[in-house]
Amino acid sequence: MTATAAPVGERLTGRAKLVLFVLCAAQFMVALDFSVLNVALPVLGKDLGLSRSALQWAVTAFALPSGGFLLLFGRIADLYGRKRLFLAGLALFGAASLLATLAWDPASFLAGRALQGLGAAVIVPTGMSLLTTTFPEGPLRDKALGISGTLLSLGFTIGMVLGGVMTDTLGWRSTMGLLAVTAVTVLALAPGLLPESRTPDRPRLDVPGAVTVTGGLLAVIYSLSSAAQRGFGGADVWGTLLAGLALLLAFAVVESKSPAPLVSLPMLKRRTVAWGNVAGLVTFSTMSTVVFVLTLYLQETLELSPFRTGLVFGVQGIASAFAGAYAPKVIGRFGPRRTLAGSLLGQGLFTAALLALGAESGALPATVAVSVASVFHLGAIISYGLTVTSGVPDSEQGLATGLVTTTQQVGLTIGIPLLGVLATTQASLFDGVRTVLALDAAIVVAAAVLVGVGLRGSRRRKA
C-alpha cells in the first residue's frame, strides 16, 4: 500500500494524534447521525407533516444507502485512493446535512437523509482503511482501534442525549446543522494531515457484484417496508420483493466466479464466520429497533420531553461504556463464542422484560431494562467481531473484517423497516410497541440458541 511513513514506536507522535483525531471525528460524526435524530422524530414529524407510519423513513432513508453501498465504496477506495474518496464523502455528507437542516417538506428532508447515508457509506470504509494503513500493526494500531471503537460507541449514546437537549432548546433542525458543521470542520483539517493510500496490485472492480448486492438489498428492504405499511396485496410490493431476491441470488453466483469478489463465499463456509455474522446481524438490527420504538413509547405514551427521553438513553450509554470496559475480561474467561451466545440470550431476556411496561409506567423501569439489555448487546458486539476473525489467516483478515463492518451496517439498516414499522402502523401505538418488543425478544433468544449450537465444537479462541 502506498502511504506516507507511518508512526513508529509505541507512543503516538503529535502528528499521529492529529491524524487519529480527524479519522475518529469522522467516524464519531457518522455514529452520531444514527442516533441524534431519534428523540426528535415525533417533533420532526409534526413540523414537516410526516405521518407516524412514515417516521421510520427518516431513519431508513439514511440507513439504506449507508449499508447498501458500503462494499462498493470500500473497493473503489482501494483502487483510486482512500484519502481522495474520504474527502469526497465528507463533502457529500456536509452538503446533505445542510439540505436536511433547511428541508421545507418531507421529500427534501428524506433526500437529505439519503444523501447523508451515501456519504456515510464512503466515510466508514475509507476512514477505517486509512486508520489501519496509517498506524502499523502492533501497539499503535491497537491503541488507535481502541480509541476509534470507544468513540463509535459513545457517538450513538451522546447522539441520543444531545438530540434531546438540542431539540428542546433549538429545535430538531439544529441536530442536522450540528452534523453539517462537524463535516465542514473535519474536511478543513483532513487534506493536510491524512496520507494517501491504495492497494498496489489494483484489483478489478467487481461491478456486477456491487450492482446486484446493492440493488437486491434496496429492493428487498423497500418492498418489506411497503408491505408493513400497505400489506402484501399490491403487485408492486411482490414485484419488488421478487426482483430483490433474484438480484441477491445473482450476487451469490457472481461472487462465486469473480476473481476479486466483494464477499468471499468460501470464507462464509467457516462456522465462526457464518454464525458470528448471523449473531452480529441480529444484535444490531434488534437493538436499533428497541431504541426506535422505545423513543416513541417514552414521548407519545408517557409524554416525556425530548430532553428527558435523551437522559434515558444517556443512562443506557453509561451502562454500555461499563460493559465495554469489562467485556474483554469476560471474553478472556469464557471465550468469545460462549460469551456471544450468552450475550444474545441476556439481550433477548431483558428486551422481553420491557413487555412489563404499562401505558402509565414511569421512565425508571424502561431505563433499567434497556440499560441492562444494552450491556449484553455490547458484549455481543465485541464477541461477535472476535468470533468472526478468530482463526482466520492474516492474508484473509481484510475480508473477515470487511464482513464484520458490512454486517453492522446492514443490521442497522434492516431492523427498523422490518420490525419498527409495525409499531407505527397499528391503531394503538402502545399495542404496536408491545408487538415489536415481543418479536424482537423472540428473535434474539432464538438466535442465541442457534448460534450456541452452531458454534459448538469449533475450536475455542485462545486468550
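As annotated in an unreviewed UniProt entry, the chain carries the name MFS transporter and comes from Streptomyces roseus. Annotation of the chain in UniProt includes, under Subcellular location (unreviewed entry), the sentence "Cell membrane".

With respect to the overall build of the chain
When its secondary structure is counted, the chain shows 16 helices and zero strands. Here the chain, with 463 residues, has 54% of them falling under the buried criterion. In the structure as shown, the chain presents an accessible area of about 18,700 Å², 68% of it carried by carbon and sulfur atoms.

Some points on the nonpolar core
One finds F86, F109, L294 and L298 to be the most contacted residues of the largest nonpolar core, which totals 108 residues. It is helix α11 (residues 271-301) that contributes the most residues to this core, 13 residues altogether. Ignoring any residue separated from it by four or fewer positions in sequence, one finds L298 in contact with E303, L304, T309, V312, F313 and A366. Counting six residues, the second-largest nonpolar core is a separate cluster that includes W57, L217, I221 and I414.

As for the pattern of salt bridges
By the definition in use, this model includes one salt bridge. We note a salt bridge from R173 to D47, for which the minimum N-O separation is 3.7 Å. Placement of R173 in helix α8 (residues 173-193) and of D47 in helix α2 (residues 41-48) is noted, with a sequence separation of 126 residues between them.

Quick notes on the packing of aromatic side chains
All chains considered together, the criterion is met by four aromatic pairs. Aromatic side chains F284 and Y384 sit 6.2 Å apart centroid to centroid with 80 degrees between the ring planes, which places their arrangement in the edge-to-face category. Placement of the pair is F284 in helix α11 and Y384 in helix α14 (residues 363-389), with a sequence separation of 100 residues. Here F284 matches Y384 in class, with each residue buried. Considering the side-chain rings of Y297 and F430, the 6.3 Å spacing of their centres and the 35 degrees angle between planes classify their relative orientation as tilted. Residue Y297 is located in helix α11, and its partner F430 is located in helix α16 (residues 429-454); the two are separated by 133 residues in the primary sequence.

A few points about the side chain of S108
With respect to the helices and strands, S108 occurs in helix α6 (residues 106-134). Here S108 falls in the buried class, since its relative accessible area comes to 7%. A polar side-chain atom of S108 sits 3.0 Å from the main-chain amide nitrogen of W104. Sequence-distant contacts of S108, that is, excluding residues within four places in its chain, are made with L99 and A103.

Here we look at the environment of L298
Mapped onto the secondary structure, L298 falls in helix α11. Expressed as a C-alpha distance, the spacing of L298 and V312, which sit 14 residues apart in the sequence, is 9.1 Å.

What to know about unusual backbone geometry
Despite not being glycine, E303 has its phi angle at roughly 60 degrees, a positive value. Relative to the elements of secondary structure, E303 occurs in the loop between α11 and α12 (306-334). Since its relative accessible area comes to 67%, E303 is described here as exposed.

Comments concerning the confidence of the model for the chain
Interpreting fine coordinate detail is not advised for predicted regions of low pLDDT. With 82% of its residues at a pLDDT of at least 70, the chain reaches an overall mean of 79. Per-residue pLDDT stays below 50 along residues 1-8; that stretch engages in 20 contacts with residues further than four places along the chain or on separate chains.

Quick word on a nonpolar patch on the surface
Together, W238, L242 and L245 make up an exposed nonpolar region whose accessible area comes to about 320 Å². One can find L245 in helix α10 (residues 235-257). You can call L245 partly exposed: its relative accessible area is 46%.

Quick notes on the packing of helix α13 (residues 336-353) against α16
The interhelical angle for the contact between α13 and α16, taken along N-to-C directions, is 160 degrees, at an axis separation of 8 Å. One way to sum up the angle between α13 and α16 is to call them roughly antiparallel. Here α13 and α16 pass one another in a crossing that is left-handed. In contact with L340, A341, L344, L345, Q347, G348, L349, T351 and A352 of α13, α16 contributes L437, D440, A441, V444, V445, A447, A448, V451 and G452. Along the lines of polarity and charge, the residues of the contact of α13 with α16 split into 13 nonpolar, four polar and one charged.

Some thoughts on the packing of α11 against α12
It is the contact of α11 with α12, at a shortest axis distance of 10 Å, that shows an interaxial angle of 145 degrees. Two packed elements cross with a definite hand, and for α11 against α12 that hand is right-handed. Here M287, V291, L294, T295, L298 and Q299 of α11 come into contact with α12, specifically with P306, T309, V312, F313 and Q316. For the contact of α11 with α12, the class distribution of residues is seven nonpolar, four polar and no charged.

Observations concerning the environment of A423
Within the secondary structure, A423 is located in helix α15 (residues 397-424). Its relative accessible area of 0% is what places A423 among the buried residues. A sequence separation of 126 residues divides A423 from Y297, and the C-alpha atoms of the two residues are 9.6 Å apart. Setting aside residues up to four positions removed in sequence, A423 forms contacts with V293, L429, G432, V433 and V436.

Focus on the environment of I443
Here I443 is to be found in helix α16. Put simply, I443 and V282 are 161 residues apart on the chain and 7.7 Å apart in space, counted from C-alpha to C-alpha. In this view, I443 contacts V282, T286 and L419; residues no more than four positions away in its chain are not counted.

Scoring rules and cut-offs
- Residues numbered from 1 in each chain as written.
- Predicted model: local features only at pLDDT ≥ 70, side-chain atom pairs only at ≥ 80, totals over all residues.
- Heavy atoms only, no water.
- UniProt positions renumbered as here; feature names shortened; annotations may be inferred.
- Helix = DSSP H or I, 4+ residues; strand = E, 2+ residues; numbered from the N terminus.
- Buried < 20%, exposed > 50% of the residue type's maximum accessible area, 1.4 Å probe, protein only.
- Areas by Shrake-Rupley, 256 points an atom, 1.4 Å probe, with all protein chains shown as cover.
- Core = buried A, V, L, I, M, F, W, Y, C linked by side-chain atoms within 4.5 Å.
- Contact = heavy atoms within 4.5 Å.
- Salt bridge = Lys/Arg side-chain N within 4 Å of Asp/Glu carboxyl O.
- Phe/Tyr/Trp six-rings, centres within 6.5 Å; stacked < 30°, edge-to-face > 60°.
- Polar contact = N/O pair within 3.5 Å; in protein donor to acceptor, adjacent residues only side chain to side chain.
- pLDDT = per-residue confidence, 0-100.
- Patch = residues over 30% accessible without salt bridge, like charges linked within 9 Å, V, L, I, M, F, W, Y side chains within 5 Å.
- Axes fitted to C-alpha atoms, helices over the stretch in contact; angles between N-to-C directions.
- Parallel < 35°, antiparallel > 145°, perpendicular 65-115°, else oblique.
- Left-handed = near helix turned anticlockwise from the far one by under 90°.
- Nonpolar A, V, L, I, M, F, W, Y, C, P; charged D, E, K, R; others polar.

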